[in-house]
Each structure stands twice: as structure tokens, then as C-alpha cells.
Amino acid sequence: MLRYTVRRLLQLVIVVGVLSLLLFAWLRSLPGGPVSALLGERATAASRARLTQELGLDQPIFVQYWKFLTRAASGDFGVSTGVQPGDTASEIFLQRFPATLELSFLAIVIAIAVGIPLGYLAARRRGGWLDNLSIVGSLVGVAVPVFFLAFVLKQVLAVDLGWFPTAGRQEGGLDATRVTGFFVLDGVLTQEWDAAWDAIRHLILPAIALSSIPFSVIFRITRAAVLDVLDEDFIRTAESKGLTTPVIRRRHVLRNAMLPVVTTIGLQTGALLAGAVLTEKVFAFPGIGQALALGFERRDYPVLLLLILCAAGVFVLINMLVDLSYALIDPRIRTAGGAR
Amino acid sequence: MALLEVRDLRVVFQRKGEVPFTAVDGVDFDVEPGQTVGLVGESGCGKSVTAMSIMGLLPKRGNKVTGSAKFEDTELLTLSDRQMRDRRGRDLAMVFQDPLSSLNPVIPIGLQVTEVLERHRDMSRRKAMVEAADLLDRVGIPDPRRRLDEYPHQLSGGMRQRALIAIALACQPRLLIADEPTTALDVTIQAQILALLAELVRDSGTALIMITHDLGVVAGLCDEVNVLYGGRVVERGGRHDLFQVPRHPYTYGLLQSIPRLDAPKGERLSPIRGSVQDNIPWTSGCAFAPRCPNATDTCVEVTPEMVPDGAGSVRGERLLRCHNPVAQEVPA
Ligand SMILES: Nc1ncnc2c1ncn2[C@@H]1O[C@H](COP(=O)(O)OP(=O)(O)OP(=O)(O)O)[C@@H](O)[C@H]1O
Ligand SMILES: [Mg+2]
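Residue numbers run consecutively from 1 along every chain, following the written order of its sequence. Working convention: letters from A go to chains and numbers from 1 go to ligands, in the order in which they are written. In keeping with the predicted nature of the model, local features appear solely for residues at pLDDT of at least 70, side-chain atom pairs appear and are counted solely at 80 or more, and the whole-chain, interface and lining totals rest on all residues. Side-chain figures throughout are based on the complete set of non-hydrogen atoms in the structure, without hydrogens or water.

A. How the structure looks around the domain arrangement of chain B. Residue and element names in this part refer to chain B. Reported domain spans reflect what an automatic or database domain assignment gives. Each assigned domain of chain B is listed here: domain 1 (4–222) and domain 2 (240–261 + 268–320). Look at where the C-alpha atoms of domain 1 and domain 2 centre, and you get two points 28 Å apart. The contact criterion used is simple: two residues touch if any of their non-hydrogen atoms lie within 4.5 Å. At the junction of the two partners, domain 1 supplies seven residues and domain 2 supplies eight residues. In this assembly, domain 1 packs against domain 2 so that about 740 Å² is buried in total across both faces, 67% of it on carbon and sulfur atoms. Summed over both partners, the accessible area lost on bringing two parts together, with a 1.4 Å probe, is the buried area. Counting the surface domain 1 buries against domain 2, the share from its top three residues, Asp-25, Glu-42 and Leu-215, is 69%. One side-chain nitrogen of Lys or Arg within 4 Å of one carboxyl oxygen of Asp or Glu is enough to make a salt bridge. Our count for the domain 1 to domain 2 interface comes out at one salt bridge.

Here it is as C-alpha cells:
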């Protein structure tokens, strides 16, 4: 297990390293650039040249990349030019990453908590009304664009009915203490329950919008996996022992059906980031999605680079955890790995 | 009194928009306490469906089971799901064909044995583990304590089937149904498993329904044999009578199609002509008539009844469903 973990961590470093090079080159090949974004199209050639030099963009790209690497090694990822000009990329990251993690975590929890039980029930009552209804629901979940769903949720539940706040992470009037940057967690740690509750209320609508695609996928995979497992001979054996339905469900059906579902959950975390960009825009939620959108608009190289690399790192890490939990669920993988 | 009394058992599969399919078409047979009874017949003749309907293991929807299956005076077919669950694994148990797929791949063997003990014998997990090791030992699994923590893929085919037999016999059921328990195993292992089953049911007084298409298995194991064709019993008798004096042309055909080492050189096997595909229902005439060498007009027009057969009853009662049985000289 240790060797496996070390190997995967090495893979993580390599993935992030290669990605950083590709990203670096790709960003600089985009039309426009931070100089045009900052000065506008009508700036004089002289002022453009001055800024280009100031930002170090006049140097050959490999020199730029080398500088980026050496600075990054000491924790310096550069200064933002567009998202929050003047702040360092690391500051922006520390402010915004917890926000998106909090949002994505709640979204994936909703997707799992609804998708897996519903998938199981739909499979058990295959062809029944619940099955058909959830299939339609999951189709809608995949087909409706995330930002449209986010917009409708916001308009109806926040603007028209006023049940939820319309934007942001926290009410301005609340004087909440910051500890970790995760607002809900901060509220709990400092026992400022009103702040925690307020943060949760701000999270609910964007999290629901963001969970729509992962929910649909997890639901469908669970349903298909449960249907497969219900047909297995060992379920017949379990029935022939006279076991009660809850035991058969827990011990025999779900344990086996979870294998493909766990893989799906890992892959869906990648889709979450794409969804977060759109959702955060609609709810003016100050996470990395919003920063990425803004960063692309204004060609903010340092911020884009750091945020995308971190997102990729999280994605690889989560899928590593998925692989590990896979081995925990399935002894066939565990023993095969142990023998190697 | 019989332990199990199956009367006019019928199973009709009916899916929406499909023609109903009769898989079991009026099966009757008895099992006495401690007796080993064979159910033989070609693939698709309804052996498994018969067993599954007795165990209440058919899918909840898409089929209709009628007739009667009385187990110690309790009608099994009308029991509620809950009542049936209380009996399955305790009073009647089953062993299936493919031991690898019949075990849950992701939980240890030990739990797969203890869960049935916990369910029906009210044992704690700890006590059940001790008992489970004992059970594995009794079915001839070496080093049972270590095996409790292992997973199905770590056991050999024969060991898996032994484990499944241990599970089935854990609560000392009075009836065990074994559905082709050796078909998926190596030939050498087959004999071991059959010997084990025979020994276990003899020692514990468990009645056994042995389902197979292999007459060799029947010959070695069963007291009574029921030959099934097209979802109905066509011939029944003690194993000696049946093998020495096969009366139904179908039984005769089955016996002729067994390869024999002592057959004269150059003699060819004579399989029964046609296949189950030619199956016709038992509604008018004999279902076997299209494939039967002895068939006459009567066979096509009148459905034969199951009647005692004097010529075939050598050592015990013999029942036969045939207008034109195979002529046999009764051995002195
Ligand atoms: N769930 C089901 N739905 C529809 N038809 C079924 C179902 N289960 C079995 N059958 C049909 O019922 C018939 C009898 O099947 P059964 O499994 O009892 O045969 P068998 O005698 O056990 O044969 P084998 O030696 O191949 O196991 C077959 O034609 C089969 O296709
Ligand atoms: Mg069968």
C-alpha cells in the first residue's frame, strides 16, 4: 500500500509538471494578452512596450517558464494582473479555493446522497413509476445547461420567493471570524452558529445547480450496477439463505454495485470544476470558477496557471483516493496488488 | 408421511407482450424424510424452475406458479415472503451449479457462512465463527480457521462448492436441493463432491433432491428417480428398476446415449433424435411423441396419464406416462 501511494504521488508530480508546461505555452499562444487587457486596444506602442517589459513578457518563453519554475519553488507564483490586480496569485488562491471546495463538496454530497439511494430504488422497482420518473429527471439533469438551472433556481427561490440569498458567500453585515477560509467550518470552529448557518444558506442553491450533472451520472451508474448485481448468482444464494432484505441490500447488493459508482464519483469531480465556473458566475460566488472566468477575460497568466494546476492536482488526488477505496471494497484487487 | 409433496406444479412465464411459456407443466413427486430423489432430464426440461419454485426463489413478477408443494403439511406456494424467508436456509436449503459466481466476491467466506447462522440460529457473530470453522472442517476444507478470512477467489473450485455445501447445511435443514452441483467442476472433483454430499445427507438424515442431466450421478446417489420431459414427470422408479428396466422410450434413449467403456468396438452412441426445441405442450397427446421411435396415432391424440407400471415394478412401485413403453424382459 505504501509503495502504491508513493508511486501515485510521483505520478501526481509528473502530471502537474507536464501540465504546467503545456498550460504555460498555451496561455501565451492565446490572442490578446495581459497588456491589451490592461491598457485597451488604443494604447500607444511605447506604453505597451513598457508594460510588456515590466511583466517580463518580452523574454523568450523558455526563459519565462524557467523563471516561473524557480519562483514557484519558493512559493512565489507571481502577481495578478487582471482578477485582483496587485494581489499575489497565492493570496487569490487561498481566498478562493476554500470557497469552491466547500461548494463542490456540498454538491457532490448532494449528488451521492440522492443519486445512490434513488438508483437503488429505481433498479429494485424497475419499470415502475419511480424508475421512469428518475430516469426522466436524470436526463433533464444532464441535458439542461448548468448555468440555466442556476439562473432559474436563483430567479425563483432567491429573487421571487426570497427563501435564499441571491449572491456571495456571506451576508455583509455579519462580522464572522476567519480561521480556515472554509466559511461553514469557520462558523462551527468559532461557534458562531449564525455565520455558519448563513454560509450554508448561501451554498445551497449553487450546490444544487452544480450537483445536477454528477447526480444524474451517479444515479444512472448506480441503477445500472444494481440491476447487474441483482442478476448475479450470489444474490440468489443470499436469498436461498433466507436473509432479510436489508441485509441482502447492504451486504450483497450495494457493496458490489459500489465498485463502478466509486470510479464515477472520482471522474465527476473533474466535471464539477467546469460546472463551478458557470454556477459561480450566476451566484456571484467568489470561488475559483469566478476567478477563472475573469482571469481568461483579462488574460491573467499567473492566476490562471496556479488555479488550473491546483484544480488538476486535486482531481488527480481524488482519483488516487478513489483507487485506494476501490482496493478497500474489492478484495480481488487488494490481493492481486499485494502479490506484486 | 412425505416430507415434501409436490402436486400438479405448474410454472408459466409471462412477460408483457409475449406469449406465455410453460416451463413446468404439472409436476408431481414426493420426497420422504432422509430420502435422496433424483430429478433428471435434458437441458430446458424445467428442473431448475421446479426447484426454484419450491424454494420461492423465482422472480416476484413475470411468472405464475400454481399447484401445490407441501412441506411437512405446510403449503409453501402460498406462504408470504416473510414466512418463506424464515424457512429458507433453515428448513430447506439449496446448492447451485456454479460455485464461483454463487459466492459473493467481496466478502470473506466466514461471513458468508455465519450470516445464515446469525439469521436462523440466533447466534452471536463470535459463536457463529466458531461454528463456521467447524462446518468448513466437516465438509473437508483444510485449515478452516484461516479460510474464514479468505475470499472466494482464493479458494479452488472444489473448495468453493464445499463451502457452499457447508452454508446450505449450516442450520441442519430437513431438505437440501442440489441443482447440478458438480457440472461446473473438474471430473475428479465431481466424484469427491458427490461422495461428500452422499455422506453428509446420510449422516444428518437430510433429504436430498438431486437435479442433474447426468444419469451416472443418479445411479450413484439416488434412491428414487424422476425423469422429466417437457416440464412433466414421465417415469418414476427406484434407481435399480429404472436402470435395469427403462420403460419410457425417453428414459431408454437417455440410457442409450451414455458413453460406455464396455461397449463393443465400433458401436456408435445413439442419441435421442430431435431436440427440446421440438417441444410441444402436454395439451393434446404425448409431448415426446415427435421424437419417439415407438409413437403411434394414439400417442399424438391422447395425453398419457401417469399410471403404475406392472412390468417395470421389480423392487418397488413404478409409475409411467406412456402408451407404448419399451418392451423389456423382466429379469428373474
Ligand atoms: N425467468 C425466466 N423467464 C422466462 N423463461 C424462463 C425463466 N427461467 C427459465 N425459463 C425457461 O424455462 C425453461 C426451463 O428452464 P430450467 O432452467 O428449469 O431448465 P433446466 O431443466 O434446469 O435446464 P438446464 O439443465 O439447462 O439447467 C427453459 O426453457 C427456460 O428458458
Ligand atoms: Mg438448470
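B. Just the packing of aromatic side chains, in detail. Residues and elements named next belong to chain A. Working definition: rings of Phe, Tyr and Trp (its six-membered ring) pair if their centres are within 6.5 Å, and the pair is stacked with planes under 30 degrees apart, edge-to-face with planes over 60 apart, and tilted otherwise. Per the counting criterion, the structure on display carries ten aromatic pairs over all chains. An angle of 65° between the planes, with centres 5.2 Å apart, marks the rings of Phe-24 and Tyr-65 as edge-to-face. In this pair, Phe-24 sits in helix α1 (residues 2–29) while Tyr-65 sits in helix α4 (residues 61–73), placing the two residues 41 residues apart along the sequence. Side by side, Phe-24 and Tyr-65 carry an identical accessibility label, which is buried. In this text, helices come from DSSP runs of H or I with a minimum length of four residues, and strands from runs of E with a minimum of two, each type numbered from the N-terminal end. Only protein chains enter the accessibility calculation, which uses a 1.4 Å probe; a residue whose area is less than 20% of its type maximum is buried, one above 50% is exposed, and one in between is partly exposed.

C. Spotlight on a nonpolar patch on the surface. All names here are of chain A. Grouping into patches uses exposed residues only, defined as over 30% relative accessible area, and leaves out salt-bridged ones; the cut-off is 9 Å for like charges and 5 Å for nonpolar side chains (Val, Leu, Ile, Met, Phe, Trp, Tyr). The accessible surface values rely on the Shrake-Rupley method and a 1.4 Å probe; as for residues, cover is taken only from the protein chains in view. Together, Phe-147, Phe-148, Phe-151, Val-152, Val-156, Leu-161, Trp-163 and Leu-278 make up an exposed nonpolar region whose accessible area comes to about 760 Å². Examining the composition of the nonpolar patch, we find that five residues originate from one element, helix α7 (residues 146–160), more than from any other. Inspection of the secondary structure puts Leu-278 in helix α11 (residues 245–282).

D. View of the sheet that holds strand β5 (residues 74–75) of chain B. Residues and elements named next belong to chain B. With respect to topology, four strands assemble into an open sheet ordered β2-β1-β4-β5, the strand pairing being antiparallel. In the strand order of this sheet, the two ends are held by β2 (21–31) and β5, each with one partner. Two elements, strand β4 (residues 63–71) and β5, share two bridges in a ladder whose sense is antiparallel. If you follow Lys-70 over to β5, its bridge partner there is Glu-75. An axis is simply a line fitted to the C-alpha atoms; with a helix, the fit covers only the stretch in contact. Between two such axes, the angle follows the N-to-C directions and lies from 0 to 180 degrees. Each of β1 (4–13), β2 and β4 touches helix α1 (residues 47–55); the most contacted strand, β1, lies at about 110° to it. For two strands to be treated as a pair, DSSP must find at least two bridges joining them.

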